[in-house]
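Given next are the chains, with one letter for each unit.
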Amino acid sequence: MKISMSRLKTISAVALLGFSSLFGFTSNAMANECELSISANDAMQFDTKELSVPASCKEVTLTLTHSGQLPKAAMGHNWVLTTTADMQAVANDGMSAGAAKNYVKEGDTRVIAHTDVVGGGSSSSISFSTEGMSSAETYKFFCSFPGHWAIMQGNFIIKA
Ligand SMILES: [Cu+2]
């Protein structure tokens with residue numbers, strides 16, 4: 001009985017892999033709606049002012065890509081997620097934390113998620129749990145590189 005169950009699981013896993021690769025390459029519409037991408041450039045801009053995920057997402061994966069060419073020290077970008085109310089204070093504390101900490105204060109519980117700071121041509125991904133997040137709350141994503149957050153920010157929405 002144990003043997004047949006494990007064989008069954010193996011067969012299911014193979015079938016799932018085959019399914020996802022088949023559709024993954026043929027249709028963007030099949031893309032996982034819990035996976036987000038955002039791009040930032042040398043002109044201190046994100047390519048979107050709004051990101052959203054359905055409330056059904058237990059975990060969200062975000063990939064930040066720096067589409068520019070400038071180095072991390074001059075035009076570095078990260079992606080930080082907080083409530084709207086916490087954004088400004090988190091950004092200020094992040095500036096004090098410095099580049100070695102990716103401009104995020106160590107152990108800052110107001111930070112829901114953040115990527116590393118990346119320079120031109122690089123990317124950074126983060127996966128985070130949506131536990132405790134709500135469609136009734138308003139959230140902001142922003143870049144905490146010094147001087148960037150006032151321009152580089154947008155709304156993050158949990159769709160009910
Ligand atoms: Cu930035």
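Just above, that's the structure.
None of these values were measured; they are calculated from a predicted model. Counting restarts for each chain, with residues numbered from 1 along the sequence as it is written. Since the coordinates come from a predicted model, pLDDT governs what is reported: local features require at least 70, and pairs of side-chain atoms require 80 or more to be given and counted, while whole-chain, interface and lining totals use all residues. To get the side-chain values, all heavy atoms of the structure are used, and hydrogens and water are removed first.

Side note on the coordination of the copper ion
Now for step 1: In this listing, donors mean N, O and S atoms no farther than 2.8 Å from the metal, or 3.2 Å for Na, K and Ca; water is missing from the atoms, so a site can look incomplete. The coordination sphere of the copper ion contains the protein donors His-77 (ND1), Cys-143 (SG), His-148 (ND1) and Met-152 (SD), at a distance range of 2.1 to 2.8 Å.
Now for step 2: Irregular is the label for any site that misses the other tests, which are tetrahedral for four donors with all angles between 85 and 135 degrees, and square planar for four donors or octahedral for six when opposite donors exceed 155 degrees and the remaining angles lie between 65 and 115. Each of the four donor atoms around the copper ion contributes to a set of angles spanning 83 to 130°, which defines the coordination as irregular.
Now for step 3: Counting residues between consecutive donors of the copper ion along the chain gives the motif H-x65-C-x4-H-x3-M. Of the two residues, Cys-143 and Met-152, both sit in the buried class. Think of it in three bands: with a 1.4 Å probe and only protein chains considered, a residue is buried below 20% of the maximum accessible area for its type, exposed above 50%, and partly exposed in between.

Remarks on the state of the cysteines
Now for step 1: The criterion for a disulfide is a pair of cysteine sulfur atoms lying within 2.5 Å. This model, assessed by the stated rule, comprises one disulfide.
Now for step 2: A sulfur-sulfur separation of 2.0 Å characterises the disulfide bridge that pairs Cys-34 with Cys-57. On the sign convention where negative is left-handed, the bridge of Cys-34 and Cys-57, at about -90° about the S-S bond, is left-handed. Residue Cys-34 is located in the loop between helix H1 (2–24) and strand S1 (35–40), and its partner Cys-57 is located in the loop between strand S2 (50–54) and strand S3 (59–66); the two are separated by 23 residues in the primary sequence. Here a helix means four or more residues in a row that DSSP labels H or I, a strand means two or more in a row labelled E, and each is numbered from the N terminus.

Points about the packing of aromatic side chains
Now for step 1: Working definition: rings of Phe, Tyr and Trp (its six-membered ring) pair if their centres are within 6.5 Å, and the pair is stacked with planes under 30 degrees apart, edge-to-face with planes over 60 apart, and tilted otherwise. Tallied over the full model, the rule gives six aromatic pairs.
Now for step 2: Ring centres of Tyr-103 and Phe-145 lie 5.2 Å apart, and the angle between their planes is 70°; on these two criteria the pair is classed as edge-to-face. With a gap of 42 residues between them, Tyr-103 in the loop between helix H3 (87–97) and strand S5 (113–114) and Phe-145 in the loop between strand S7 (139–142) and strand S8 (153–159) connect regions that are remote in the sequence.
Now for step 3: Residue Phe-145 is classed as buried on the basis of its relative accessible area, which comes to 8%.
Now for step 4: Within the aromatic cluster, the residues linked to one another by ring pairs are Phe-46, Trp-79, Phe-128, Phe-141 and Phe-156.

Some remarks on the nonpolar core
Now for step 1: Remark: nonpolar core denotes a set of buried residues (Ala, Val, Leu, Ile, Met, Phe, Trp, Tyr, Cys) joined through side-chain atoms within 4.5 Å. In this structure, Ile-38, Phe-46, Leu-51, Leu-64, Trp-79, Phe-128 and Phe-156 are the most contacted members of the largest nonpolar core, which totals 26 residues.
Now for step 2: If you list the elements that add at least two residues to this core, you get S1, S2, S3, S7 and S8.
Now for step 3: Apart from residues no more than four positions distant in its own chain, Leu-51 is found in contact with Leu-36, Ser-37, Ile-38, Leu-62, Trp-79, Phe-141, Asn-155, Phe-156 and Ile-157.
Now for step 4: Within the second largest apolar cluster, seven residues are counted, among which are Val-80, Val-90, Val-111 and Phe-142. For this analysis, residues touch if any pair of their heavy atoms sits within 4.5 Å.

So, the sheet that holds strand S6 (residues 123–129)
Strand pairing in a sheet is mediated by backbone hydrogen bonds. Such pairs are either parallel or antiparallel.
Now for step 1: Read from one edge of the open sheet, three strands run S1-S3-S6, paired in mixed fashion. A single partner strand is all that each edge strand has here, and the edge strands are S1 and S6. Neighbour to neighbour, the strand axes of the sheet diverge by 20° on average, direction disregarded. One bridge is not enough; two strands pair if DSSP finds at least two bridges between them. Here the axes come from fitting lines to C-alpha atoms, over the contacting stretch only for helices, and the angles between their N-to-C directions go from 0 to 180 degrees.

Here we look at the environment of Gly-119
Now for step 1: Tracing the chain through its elements places Gly-119 in the loop between S5 and S6.
Now for step 2: Judged by relative accessible area, which is 8%, Gly-119 ranks as buried.
Now for step 3: Sequence spacing of Gly-119 and Thr-65 is 54 residues, and the spatial spacing of their C-alpha atoms is 8.8 Å.
Now for step 4: Residues in contact with Gly-119, not counting those within four places in the same chain, are His-66, Leu-70, Pro-71 and Lys-72.

Here we look at the sheet that holds S5
Now for step 1: The strand order S2-S8-S7-S4-S5 describes an open sheet built from five strands, whose pairing is mixed. Two strands lie at the open edges of the sheet, namely S2 and S5, each paired on one side alone.
Now for step 2: As judged from the four bridges shared by S7 and S8, these two strands associate in the antiparallel manner. Bridging across to S8, Phe-142 finds its partner in Gln-153.

A word on the side chain of Ser-124
Now for step 1: Relative to the helices and strands, Ser-124 is located in strand S6.
Now for step 2: Here Ser-124 falls in the buried class, since its relative accessible area comes to 11%.
Now for step 3: In this structure the side chain of Ser-124 is engaged in a polar contact, spanning 3.3 Å, whose partner is the backbone nitrogen of Asp-116.
Now for step 4: Residues contacting Ser-124, with those up to four places away along its chain left out, are Leu-62, Thr-63, Leu-64, Thr-115, Asp-116 and Val-118. Polar contact is defined as a pair of N or O atoms within 3.5 Å, subject to the rule that within protein one atom must be able to donate a hydrogen and the other to accept it, and that residues adjacent in sequence are counted only when both atoms are side-chain atoms.

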